[in-house]
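Here are the chains, one letter per residue:
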Amino acid sequence: MPHQMSEERVEALQVLAAQFPTAEQAIVEAAALGAKLTLPMGVVHVISDIHGEDAKLRHVINNSSGALRTLVDQVLAGRLPPEEHARFLAVLYYPREAINTFAKGIIEGGRRVDWVAQTITLQFEIVKALRRTYRRDHFERLVPAVYRELFMELGSGLRPAYVRELVAGLARFDRDWGAVRAGARLIRNLCCDELLVAGDLGDRGPRMDRVIDTLMRQPRVSLLWGNHDMIWLGAHLGHEPCLLTVLRFSARYRCAAQLEEGYGIMTTPIERLVQSVYADDPAERFIPKGQGYRDQRTVARMQKALAIMQFKAEGRMIERHPEWNLSHRRLLHRIDLAKGTVTIDGVEHPLLDTNLPTINPDDPYAYSPEEQACIDRLRESFTRSMRLREHMEWMVRRGGMWTRRDDVLLFHACVPVDSAGRPLSLDVDGRAVAGRELMDALGSVVRRAMRKRWFNLDSDADWLWYMWGGPLSPLFGKDKLATFESYFVADKEALKENKNPYFELMHDADFIRRIGRLFGCGDDVLVVNGHVPVKVEKGEQPLKRGGNAITIDGAFSQAYGDRGFTLVLKPDRVELAEHSAFTSVQDVITSGADIVPKITTVRTYPAARTIGDTHAGASIRRKIHALEDLVAAYHNGVVPEQG
């Protein structure tokens with residue numbers, strides 16, 4: 001009976017009563033939640049390994065991985081001439097840029113009010129098709145307040161003359177174009193209930209800062225951290241091995257703009273260092289990829305200087321962590337400058353570059369005075385960047401090591417296992433953990449390191465580097481990072497980075513089911529990871545032979561191949577959208593260019609799933625139960641109504 005509720009339960013209901021202060025409000029909300037259970041489950045788009053390709057990411061979001069074009073073709077079939085149809089799609093994808101291109105001709109033709117009224121009316125036909133899958137409160141939260149009157153009227157579709165007059169009133173103050181832009185945003189936001197990014201937001205591509213800006217503008221985004229994200233987190237904290245790795249990547253792929261323009265981080269200290277130490281160095285092994293404003297040779301020398309400092313910082317850090325068993329990766333003291341060789345795993349290799357003026361054979365891991373001055377200034381620049389701090393805080397708040405959406409289990413790279421498929425353990429916080437426990441423990445370390453910030457850099461920050469490239473890191477999954485070898489050693493055998501057995505065992509359906517059970521999944525699990533690019537041109541397939549594991553790192557960035565995948569979780573199926581290259585926004589507007597993906601169905605369900613069929617539905621049922629308890633408490637006088 002309600003009057004027999006425990007004291008703890010009554011206290012919990014009193015907290016809920018602050019949100020629903022009357023029985024009537026609680027009853028209405030419980031009824032609405034019950035009705036929500038009958039709606040189709042929301043569509044989830046999963047994308048991985050963006051690697052700084054902000055322009056392509058924006059397009060894939062804007063065209064909803066190709067689904068928006070298909071929807072427009074269905075809803076407006078045959079109603080617009082091909083040229084107008086292409087223009088309408090351009091307005092949906094890039095409303096600001098498209099209006100800037102088209103506006104002059106529309107105004108000069110005296111068609112402004114009619115064009116805007118027609119465009120937003122067509123937009124709302126698309127909105128109505130999307131609106132059916134959402135509860136009203138969710139839809140109304142997406143409607144901008146300034147256009148609420150117009151959009152609610154468009155939603156009814158009953159008074160076209162009234163809509164035209166509203167548009168005319170907005171046009172008198174040049175606000176009608178804003179309504180078109182808002183309509184396009186509303187459509188994009190309704191196309192995807194959740195965008196889930198499975199790691200690696202930056203590096204290799206040009207602008208990680210713009211990638212994060214784009215993601216932060218989306219109404220619902222979840223993140224899984226990748227190993228590249230870890231070095232950016234560490235760099236923001238001033239952790240030298242991470243910071244130097246980020247800078248080296250930016251030099252190697254000529255991405256200085258994301259540092260200088262995006263985050264206000266100075267790279268001139270590196271230029272000063274190379275002018276004083278590497279001024280005449282040809283740095284042939286360090287020629288950067290791509291084009292940029294700086295002289296190519298200067299950037300090559302910058303990359304070399306950063307690499308040497310990185311190896312020094314990593315060597316000192318590895319020495320602090322004997323439990324990592326990485327002493328064999330401290331290579332600078334194994335260099336014989338007189339012979340021009342380096343000994344790696346007992347094998348002596350000739351050095352491809354022997355000009356190493358800052359390495360002191362008596363203390364090879366110590367910075368030279370010039371390097372120390374450089375790193376001090378760089379650390380200050382990273383830790384003082386408020387925009388970088390904002391982005392990293394957002395990434396940690398929204399992120400995690402793994403997640404699941406019903407029968408779909410997702411993480412960035414792997415569960416480290418031995419050759420027999422048994423999860424390998426790693427000591428974290430003095431405890432040996434493996435599988436799910438390992439991921440959860442490392443997730444706690446990430447949040448703990450962010451909470452401490454740079455005021456107390458300790459082993460937690462070192463763990464960020466380990467997650468970037470440690471052999472048992474679930475975000476990495478290889479036996480080593482052969483960065484040193486790639487610059488200095490010709491022997492291809494020394495350059496090999498051997499993958500964890502997980503990546504071969506993914507083809508075994510029973511192994512994948514065992515992995516799923518570690519995370520509370522049933523035998524119908526579909527395991528999804530990114531991290532390892534699928535080499536389609538070599539015949540590789542994203543879906544593994546066992547049929548219940550899939551890799552969705554499709555080489556999104558230009559540096560990898562300019563393709564990419566989106567995994568789309570729909571009520572009745574799971575689809576894989578394979579993307580092609582992206583040209584430019586201007587091509588979309590002027591010639592109708594688009595990324596029209598190749599769609600493959602990965603999994604189908606006997607019946608379209610409702611929200612009630614999902615884990616989200618179970619959570620909603622718990623809320624309904626709590627609201628019903630609150631109503632009973634109100635009716636029985638256990639909790640007083642406040643309304």
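All values reported here derive from a predicted model rather than from experimental measurement. (Residues numbered from 1 in each chain as written. Predicted model: local features only at pLDDT ≥ 70, side-chain atom pairs only at ≥ 80, totals over all residues. Heavy atoms only, no water.)

## What about the overall build of the chain?
- Summing up its helical and strand segments, the chain has 27 helices and 15 strands in all.
- The C-alpha atoms of the chain give 28 Å as radius of gyration, which agrees with the globular expectation for 643 residues (26 Å, within 12%).
- If one aligns the C-alpha atoms of the chain with their principal axes, the spans along those axes are about 85 × 75 × 50 Å.
- For the chain, the proportion of its 643 residues judged to be buried stands at 56%.
- Considering only contacts within the chain whose residues lie at least 6 apart along the sequence, 72% involve residues at least 24 apart.
- Accessible area of the chain: about 27700 Å², with a carbon and sulfur share of 49%.
- Of the side-chain charges in the chain, 85 are positive and 85 negative, and the distance between the mean point of each set is 3 Å. (Helix = DSSP H or I, 4+ residues; strand = E, 2+ residues; numbered from the N terminus. Rg over C-alpha atoms; globule rule 2.2 N^0.38 Å. Buried < 20%, exposed > 50% of the residue type's maximum accessible area, 1.4 Å probe, protein only. Contact = heavy atoms within 4.5 Å. Areas by Shrake-Rupley, 256 points an atom, 1.4 Å probe, with all protein chains shown as cover. Lys, Arg positive; Asp, Glu negative; His and termini not counted. Charge placed at Lys NZ, Arg CZ, Asp CG, Glu CD.)

## Digging into the sheet that holds strand β3 (residues 221-223)
- One open sheet accounts for 6 strands, arranged β3-β2-β1-β13-β14-β15; its pairing is mixed. In this open sheet, the two edge strands, each paired with only one partner strand, are β3 and β15 (598-604). On average, each strand axis in the sheet is tilted by 20 degrees relative to the strand beside it, whichever way the strands run.
- Alignment of strand β14 (residues 573-578) against β15, held across 6 bridges, turns out to be antiparallel. Paired with Ala-577 across the two strands is Ile-599, which belongs to β15. (Pairing = 2+ DSSP bridges. Axes fitted to C-alpha atoms, helices over the stretch in contact; angles between N-to-C directions.)

## Thoughts on the environment of Pro-219
- Summarising the element assignment, Pro-219 is placed in the loop between α12 (208-216) and β3.
- With 27 residues separating them in the primary sequence, Pro-219 and Cys-192 have C-alpha atoms 9.3 Å apart.

## Observations regarding the packing of aromatic side chains
- Counted under the stated rule, the structure contains 19 aromatic pairs.
- When the centroid spacing of 4.3 Å and the interplanar angle of 25 degrees are considered together, the rings of Phe-286 and Tyr-487 count as stacked. Of the two residues, Phe-286 is situated in the loop between α16 (268-277) and α17 (296-320) and Tyr-487 in helix α22 (residues 483-488); the sequence distance between them amounts to 201 residues.
- Taking the relative accessible area as the measure of exposure, Tyr-487 reaches 2% and is therefore buried.
- Positioned over the ring face of Phe-556 is Lys-56, at 4.9 Å from the centre of the ring.
- Directly above the ring of Tyr-162 sits Arg-159, whose terminal nitrogen or CZ lies 4.6 Å from the centroid. (Phe/Tyr/Trp six-rings, centres within 6.5 Å; stacked < 30°, edge-to-face > 60°. Lys NZ or Arg CZ within 6 Å of the ring centre and 35° of its normal.)

## Focus on helix α2 (residues 23-36)
- Between its first and last C-alpha, α2 extends 20 Å over 14 residues, near the 20 Å set by a 1.5 Å rise per residue.
- The complete set of buried residues in α2 reads Ala-23, Ala-26, Glu-29, Ala-30 and Leu-33. Axial view of α2: buried residues confined to an arc of 130 degrees, hence all on one face. In α2, the exposed positions angled more than 90 degrees off the buried face are occupied by Glu-24, Val-28 and Ala-31. (Expected span 1.5 Å × (residues − 1). Arc of directions from axis to C-beta.)

## Details of unusual backbone geometry
- The phi dihedral of Ser-64 falls on the positive side, at around 50 degrees, and the residue is not glycine.
- You can see Ser-64 is positioned in the loop between α3 (54-62) and α4 (67-75).
- The exposure class of Ser-64 is buried, given its relative accessible area of 4%.
- Phi is positive for Ser-65, which is not a glycine, with a value near 55 degrees.
- When you line up the elements, Ser-65 lands in the loop between α3 and α4.

## Comments concerning the side chain of Ser-222
- Tracing the backbone shows Ser-222 in strand β3.
- Apart from residues lying up to four places away in sequence, Ser-222 is in contact with Glu-194, Leu-195, Leu-196, Val-197, Arg-398 and Arg-405.

## Describing the packing of helix α13 (residues 227-236) against helix α14 (residues 240-252)
- At a closest axis distance of 7 Å, the pairing of α13 and α14 adopts a crossing angle of 120 degrees. The two elements α13 and α14 cross, and the hand of that crossing is left-handed. Here α13 contributes His-228, Met-230, Ile-231, Trp-232, Gly-234 and Ala-235 to the contact with α14, which in turn contributes Cys-242, Leu-243, Thr-245, Val-246 and Phe-249.
- Its residues assigned to classes, the contact of α13 with α14 shows 8 nonpolar, 3 polar and no charged. (Left-handed = near helix turned anticlockwise from the far one by under 90°. Nonpolar A, V, L, I, M, F, W, Y, C, P; charged D, E, K, R; others polar.)

By themselves these figures say nothing about function.
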